[in-house]
Amino acid sequence: MNPPPAASRPLDLLEETIRQRAAALERADQAATKSYTAKLLQGGVPKIGPKVTEEAAELVEAAGEEGDAGREHFIYEAGDLLYHTLVLLRSRGVELAEVEAELGRRFGVSGLTEKANRSR
């Protein structure tokens, strides 16, 4: 089975929706006032950052839950964290492709080596 075209990947579609909300804000479009994403973007890092922290904590908490229900909760919280991270990226003008490129740059490099190189 072939993977779906890149444009139809849920993360790409979500990133595009977030980009559209940001553009609506820039145009002072009234529809943006009804959007949770736009409200987060309006608040910038001071508004989005605590949500990312909250969602990360909820993800870690859900990771400790057992069984199918725990697994489903974990997946749900991972989705929340990814959404809020994408909003934070947009607030800084960073595309998901840039993050993917950074991860690609690190591919094949030991995590211990990469971490040691950061402290230099």
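See the structure printed just above.
Residues numbered from 1 in each chain as written. Predicted model: local features only at pLDDT ≥ 70, side-chain atom pairs only at ≥ 80, totals over all residues. Heavy atoms only, no water.

Asks: Any details on the overall build of the protein? Residues and values, ideally.
Replies: Counting its regular elements, the protein contains five helices and zero strands. When the elements of the protein are put in sequence order from the N terminus, they spell out α-α-α-α-α. Taken against the 2.2 N^0.38 rule, which gives 14 Å for 120 residues, the C-alpha radius of gyration of the protein at 17 Å runs more than 25% over that of a compact globule. A principal-axis box enclosing the C-alpha atoms of the protein has dimensions of 50 × 40 × 40 Å. Sequence-distant contacts in the protein: of pairs separated by 6 or more residues, those separated by 24 or more amount to 54%. Approximately 8500 Å² of the protein is accessible, and the part contributed by carbon and sulfur atoms is 59%. (Helix = DSSP H or I, 4+ residues; strand = E, 2+ residues; numbered from the N terminus. Rg over C-alpha atoms; globule rule 2.2 N^0.38 Å. Contact = heavy atoms within 4.5 Å. Areas by Shrake-Rupley, 256 points an atom, 1.4 Å probe, with all protein chains shown as cover.)

Asks: For helix α3 (residues 67-91), give the residues involved together with the corresponding values.
Replies: Working note: α-helix, 3.6 residues per turn, so residues spaced by three or four point in the same direction. Compared with an ideal rise of 1.5 Å per residue, which puts 25 residues at 36 Å, α3 spans 36 Å between its outermost C-alpha atoms and is within 8% of the ideal. For α3, the complete set of buried residues consists of Gly70, Glu77, Asp80, Leu81, Tyr83, His84, Leu86, Val87, Leu89 and Arg90. Those residues of α3 hidden inside the fold are in contact with α1 (10-26), α2 (36-63) and α4 (96-106). Gly93, located one to two residues past α3, shows a positive phi value of around 75°. (Expected span 1.5 Å × (residues − 1). Buried < 20%, exposed > 50% of the residue type's maximum accessible area, 1.4 Å probe, protein only.)

Asks: How would you sum up empty space enclosed by the protein? Please name residues and give values.
Replies: According to the stated counting rule, one finds one cavity of 30 Å³ or more in the structure shown. Looking at the largest cavity, the residues that line it are Glu15, Ile18, Arg19, Leu86, Leu89, Arg90 and Val94. Elements with a contribution of two residues or more to the lining of the largest cavity: α1 and α3. Split by residue class, the lining of the largest cavity holds four nonpolar, no polar and three charged. (1 Å grid on protein atoms, 1.4 Å probe; cavity = no way out; pocket = protein on both sides within 12 Å on 5 of 7 lines; lining within 4 Å. Points joined across faces, edges and corners; volume = space filled by probe spheres on them. Nonpolar A, V, L, I, M, F, W, Y, C, P; charged D, E, K, R; others polar.)

Asks: Go over the packing of aromatic side chains with me, naming the residues and quoting the values.
Replies: Here the structure, examined in full by the defined rule, presents one aromatic pair. An angle of 25° between the planes, with centres 6.3 Å apart, marks the rings of Tyr36 and Tyr83 as stacked. Here Tyr83 lies in helix α3 and Tyr36 lies in helix α2, a separation of 47 residues in the sequence. When its relative accessible area of 42% is taken as the criterion, Tyr36 is described as partly exposed. (Phe/Tyr/Trp six-rings, centres within 6.5 Å; stacked < 30°, edge-to-face > 60°.)

Asks: Just give me the short version of the side chain of Thr37, but keep the residues and values in it.
Replies: Counting through the fold element by element, Thr37 comes out in helix α2. Those residues within four positions of Thr37 in sequence are excluded, and the remaining contacts are Ile18, Arg21, Tyr83 and Val87.

Asks: Give a description of unusual backbone geometry that names residues and reports values.
Replies: Of note in this structure, Ala28 is not a glycine but carries a positive phi near 60°. For Ala28, the position within the fold is in the loop between α1 and α2.

Asks: Outline the pattern of salt bridges, supporting the account with residue identities and numerical values.
Replies: A side chain of one charge can pair with a side chain of the opposite charge if their charged atoms are brought near each other. Under the counting rule described, the total for this entry stands at eleven salt bridges. The shortest N-O distance in the salt bridge between Asp29 and Arg27 comes to 3.3 Å. Exposure remark for Asp29: the relative accessible area of 29% places this residue in the partly exposed category. For Arg27, a relative accessible area of 56% gives the class exposed. Taken together, the salt bridges that share partners define one network made up of Glu15, Glu16, Arg19, Arg90 and Glu95. (Salt bridge = Lys/Arg side-chain N within 4 Å of Asp/Glu carboxyl O.)

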